[in-house]
Amino acid sequence: MNDSIRPGLVACAFVALSLPAFADGPELFPEASLRLQGARYAPVDTDLHWDTWIGAGAGLVRVDQTTLYFRADVETIAGNTRRAFDAAQANYHLEPGIRVDLGRDREVGLFFHHVSRHQIDTGKTAAVDWNILGLRGSASLPGLPIRLTASLGRAVQQSLVGYQWEIVGRIEADALRRPWGAVYFTTIGRGVTTETSPAFPRDGFFDFLLEGGVRWARAERTAQLFVAYEHRNDVLVLEPGYKDRALFGFRLGLRSSTPAPSP
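Below is a summary of the structure that appears in this document. (Residues numbered from 1 in each chain as written. Predicted model: local features only at pLDDT ≥ 70, side-chain atom pairs only at ≥ 80, totals over all residues. Heavy atoms only, no water.)

What the rule picks out here adds up to 18 salt bridges. For the salt bridge of Arg 35 with Asp 73, the shortest nitrogen-to-oxygen distance reads 3.4 Å. Placement of the pair is Arg 35 in strand 1 (residues 27–45) and Asp 73 in strand 3 (residues 66–79), with a sequence separation of 38 residues. Judged by relative accessible area, Arg 35 falls into the partly exposed class, the value being 26%. We classify Asp 73 as buried; its relative accessible area is 9%. Connected via shared salt-bridge partners are Glu 27, Glu 31, Arg 62, Arg 99 and Arg 255. (Salt bridge = Lys/Arg side-chain N within 4 Å of Asp/Glu carboxyl O. Helix = DSSP H or I, 4+ residues; strand = E, 2+ residues; numbered from the N terminus. Buried < 20%, exposed > 50% of the residue type's maximum accessible area, 1.4 Å probe, protein only.)

Right, dumping it as structure tokens:
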């Protein structure tokens, strides 16, 4: 097993084994989800024309309101330097975790998030990856179509980038709801403290994303068209720096789940 992933798996296993015995028996695979996303950057840059995501997640076991889950996503960034559609980066995201449903559309959980970044078809001279162990909570505002999510995590391992603490906040709001779906807005902020180094001489940074779009929903399936503006640091794998750009894209989702028992 990869030494950089082992601490998070040990932490999640410890919490799972420490859960008290509940009256109801465990439920295996209570939920599953799929996501497919593609977006075009504007303006484009060398090897930075398209941003795509594909991923899946599943609840592995649920006991009462507590769920042990796992999710995996791959982000591929492409340009047209050598071919019309030429993958330049592949960034792998793996996350095991445990979350507890607190009722009234609120939940809190412990997560371990692993990111590994790779250049494609080019030589990479150093490992670039990090592991964040943290806490995440989310809740809907009573009577309003707004959901808030926040997380705080510590890098328990990092290579090259110098990440230390990470705090992420997300606000999702439906401006207009109709039987076919909704017009929505999302904003995400991410602050990271860092250890300065000759390769990455900085003390920290802040990323943000503003997104608006239309979401169509049919039972467990969703489709979205969106426009977004992002300020994103560490866009290149081996160099510090940021880019400000717009994205025009689509997102498809599928989620299957059984409701958790009422607390």
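Taken together, Leu 36, Ile 54, Trp 180, Trp 216, Leu 225, Phe 250 and Leu 252 make up a surface patch of nonpolar side chains, about 640 Å² in accessible area. What makes Leu 225 partly exposed here is its relative accessible area of 48%. (Patch = residues over 30% accessible without salt bridge, like charges linked within 9 Å, V, L, I, M, F, W, Y side chains within 5 Å. Areas by Shrake-Rupley, 256 points an atom, 1.4 Å probe, with all protein chains shown as cover.)

When strand 5 (residues 106–119) meets strand 6 (residues 129–140), the two strands line up antiparallel, connected through eleven bridges. Following the sheet pairing, Arg 106 is matched in strand 6 by Ala 139. Summarising the sheet, strand 6 and strand 7 (residues 146–159) pair through twelve bridges and their orientation is antiparallel. Among the inter-strand pairings, Ala 139 is bridged to a residue of strand 7, identified as Leu 148. In textbook terms, the turn of a hairpin is the stretch between consecutive antiparallel strands, and for strand 6 and strand 7 this stretch comprises five residues, one of which, Gly 143, has a positive phi near 80°. (Pairing = 2+ DSSP bridges.)

Side chains of nonpolar character tend, in soluble globular proteins, to be buried together. Trp 130, Ile 132, Val 161 and Tyr 163 are the most contacted members of the largest nonpolar core, which totals 13 residues. Counting residues per element, the ones that place at least two in this core are strand 5 and strand 6. For Tyr 163, the residues in contact, after removing those within four places along its chain, are Trp 130, Ala 155, Gln 158, Arg 190, Val 192, Thr 193, Thr 194, Arg 202, Phe 205 and Asp 234. Of all hydrophobic cores here, the second largest spans ten residues; its members include Tyr 41, Leu 48, Phe 226 and Leu 247. (Core = buried A, V, L, I, M, F, W, Y, C linked by side-chain atoms within 4.5 Å. Contact = heavy atoms within 4.5 Å.)

Around the barrel, which closes on itself, the twelve strands sit in the order 1-2-3-4-5-6-7-8-9-10-11-12 with antiparallel pairing between neighbours. Sheet twist, expressed as the average angle between the axes of neighbouring strands with direction ignored, equals 20°. (Axes fitted to C-alpha atoms, helices over the stretch in contact; angles between N-to-C directions.)

Before going further, it helps to examine unusual backbone geometry. Trans peptide bonds make up most of the peptide bonds, and negative phi angles are found at most residues other than glycine. Cis rather than trans, the peptide bond between Ala 42 and Pro 43 has omega equal to 0°. Position of Pro 43 among the secondary structure elements: in strand 1. With a phi angle near 55°, Ala 219 is a residue other than glycine that sits in the positive phi range. By secondary structure assignment, the location of Ala 219 is in the loop between strand 10 (204–218) and strand 11 (221–233).

A complete count under the given rule lists five aromatic pairs for this structure. Measuring from ring centre to ring centre gives 6.2 Å for Phe 208 and Tyr 229, while their planes differ by 40°; the resulting arrangement is tilted. Placement of the pair is Phe 208 in strand 10 and Tyr 229 in strand 11, with a sequence separation of 21 residues. For Phe 208, a relative accessible area of 29% translates into the label partly exposed. Tyr 229 sits in the partly exposed class, given a relative accessible area of 36%. Over the aromatic face of Tyr 41 sits the side chain of Arg 245, whose NZ or CZ is 3.8 Å from the ring centroid. (Phe/Tyr/Trp six-rings, centres within 6.5 Å; stacked < 30°, edge-to-face > 60°. Lys NZ or Arg CZ within 6 Å of the ring centre and 35° of its normal.)

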